[in-house]
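Given next are the chains, with one letter for each unit.
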Amino acid sequence: HSSIEYKHEVIEYDPNIHIFSFERSIIQDIDKAMDNHELFIVYQPKIGSNKAIIGAEALLRWNHPTQGFISPAVFIPALEENGKITDVTDWIIEQVCHEMGNWIVNHYPLKAVSINIPGQYITSPRLMDVLKNSVSKYKIDSHFLELEITETSVINNIENAINSIGEFRKYGFRVALDDFGTGLSSLSYLKRLPITTVKIDKSFVDGVPESEKDSAIIKAIIVLCHSLNMDVIIEGVETEAQVNFLSQMPEKPGIQGYYYSPPLKREDLAKWVQHFQEQQETMSQK
Ligand code: C2E
Ligand code: MG
Ligand code: MG
Ligand code: MG
């Protein structure tokens, strides 16, 4: 077994190797980035089956002073690799809860937010402390906070992950399984993890409604998750045809995607929410 690993390490050509060294160099700047407002959070709205706003996903952005905008798909894996991701996640939780606290005071119609939690941090007692402290500091009902985890991130630590998710649930936090369908043994995770929500990966909705296979698969996953009493969000919905297809489901899923809105800065989110609600009102008056 070890010789296979050895071969794998030595022989396999990794085309990402130069990118990784770029990532490593910029990751040095991450502490400064948090202090200097180069790192900020954007919010992507999620729309419920009744066409009401059900919440938003918090997503990280980095406007680097010399490199410009760097995609989270690039810098998050580097932060995970050097361990800085835990500090950054604490910072995100604090920022998001602060923002949610403002929303409550201002009777803002958007209440629930989900935060992406890296796999290596899920089972840490420190995470639970940070979550508890932040919700109590900003007087937030824990039901309004959802933690997004991916199946691949818990694959090596499944028993501990089940325990930690159970703890989050006991405290009232919701837990979503993100990118569902891209990992390996999806169905066993649905059975074993005590989650509240399943987010079906964009790759399943891409072919809808043209592809009969994709359409059949997405429909079956929606039915399955609903019969397991889980909420369903379809990620990456971009077209009206996709929205129409999903509206015809016997039990409609929630939707997150560019069709409704890209992730937005907080000022733009406020404008979007107002506009969306005005639109809904005009439509219901017709
Ligand atoms: P994710 O958690 O699955 O987030 C959804 C990604 O899909 C976001 O990309 C979002 O902008 C994108 N997306 C949403 N709707 C559409 C659509 O209709 N079309 C297309 N093409 N894309 C859409 P983003 O923000 O670039 O983030 C990529 C990934 O990076 C995230 O995937 C997540 O795994 C990670 N990430 C982002 N922010 C954070 C964070 O704050 N913490 C952690 N740990 N990971 C994060
Ligand atoms: Mg996510
Ligand atoms: Mg996702
Ligand atoms: Mg993803």
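Preceding this section is the structure that the text describes.
The following paragraphs examine the structure supplied in this document. The shown structure was predicted, so the numbers you read here are calculated from the model rather than taken from an experiment. (Residues numbered from 1 in each chain as written. Chains lettered and ligands numbered in written order. Predicted model: local features only at pLDDT ≥ 70, side-chain atom pairs only at ≥ 80, totals over all residues. Heavy atoms only, no water.)

**Details of the coordination of the magnesium ion (ligand 3)**
Note on the magnesium ion (ligand 3): its protein donors are Asp178 (OD), Asp179 (OD), Glu235 (OE) and Glu235 (OE). The metal-donor distances range over 2.1 to 2.3 Å. The metal-metal distance between the magnesium ion (ligand 3) and the magnesium ion (ligand 2) comes to 4.0 Å, with Asp178 coordinating both. (Donors = N, O, S within 2.8 Å, 3.2 Å for Na, K, Ca; no water.)

**Re the environment of Gln256**
The residue Gln256 is located in strand 9 (residues 254-256) in this model. Sequence separation between Gln256 and Lys286 is 30 residues, and the spatial gap between their C-alpha atoms is 26 Å. Excluding anything up to four places from it in sequence, Gln256 contacts Gln44, Pro45, Lys46, Glu57, Lys199, Ile233, Ile234, Glu235, Gly236 and Val237. (Helix = DSSP H or I, 4+ residues; strand = E, 2+ residues; numbered from the N terminus. Contact = heavy atoms within 4.5 Å.)

**Regarding the side chain of Asp90**
Relative to the elements of secondary structure, Asp90 occurs in helix 5 (residues 85-105). Residues within four places of Asp90 in sequence aside, it is in contact with Tyr121, Arg126 and Val130.

**Description of the site of ligand 1**
Residues in contact with ligand 1 amount to 20 residues; listed here are only the nearest, Arg61, Asn116, Asp178, Glu238 and Tyr258. Interatomic distance of 2.9 Å between a side-chain N/O atom of Asn116 and an oxygen atom of ligand 1. At 2.5 Å from a nitrogen atom of ligand 1 is found a side-chain nitrogen or oxygen belonging to Glu238. Considering ligand 1 on its own, with 800 Å² of exposed area, one finds that the protein chains cover 80% of that surface. When contributions to the shell around ligand 1 are tallied by element, the ones reaching two or more residues are strand 2 (53-64), helix 4 (72-82) and strand 6 (174-180). Sorting elements by how many residues they give to the shell around ligand 1 places strand 2 first, with four residues. For the shell around ligand 1, the residue count by class is nine nonpolar, four polar and seven charged. (Near = heavy atom within 4 Å. Polar contact = N/O pair within 3.5 Å; in protein donor to acceptor, adjacent residues only side chain to side chain. Areas by Shrake-Rupley, 256 points an atom, 1.4 Å probe, with all protein chains shown as cover. Nonpolar A, V, L, I, M, F, W, Y, C, P; charged D, E, K, R; others polar.)

**Let's talk about the side chain of Ser134**
Considering the arrangement of structural elements, one finds Ser134 in helix 7 (residues 125-137). Residue contacts for Ser134: discarding those within four places in its chain leaves Ile93, Glu94 and Cys97.

**Description of helix 4**
Listed in full, the buried residues belonging to helix 4 are Phe75, Ala78 and Leu79. Buried residues in helix 4, looked at end-on, bunch into an arc of 100°, giving them a common side. Capping the start of helix 4 is the job of one residue whose side-chain oxygen sits 3.1 Å from the backbone nitrogen of Ala73: Ser71. One or two steps after helix 4, the chain reaches Gly83, where phi turns positive at roughly 85°. (Buried < 20%, exposed > 50% of the residue type's maximum accessible area, 1.4 Å probe, protein only. Arc of directions from axis to C-beta.)

**Describing the pattern of salt bridges**
Side chains that differ in charge, positive against negative, can pair when their charged atoms come close. One pass over the structure, following the stated rule, counts 16 salt bridges. A salt bridge links Asp90 to Arg126, with the shortest nitrogen-to-oxygen separation between them at 2.6 Å. Taken together, the residues Asp90 in helix 5 and Arg126 in helix 7 connect sequence positions 36 residues apart. Residue Arg126 is classed as partly exposed on the basis of its relative accessible area of 36%. Where Arg192 meets Glu159, a salt bridge forms, and the shortest distance between an N and an O atom there is 2.7 Å. Separated by 33 residues along the polypeptide, Arg192 in helix 10 (residues 186-192) and Glu159 in helix 9 (residues 158-170) bring together distant segments of the chain. Given the relative accessible area of 36%, Arg192 is considered partly exposed. Exposure remark for Glu159: the relative accessible area of 49% places this residue in the partly exposed category. (Salt bridge = Lys/Arg side-chain N within 4 Å of Asp/Glu carboxyl O.)

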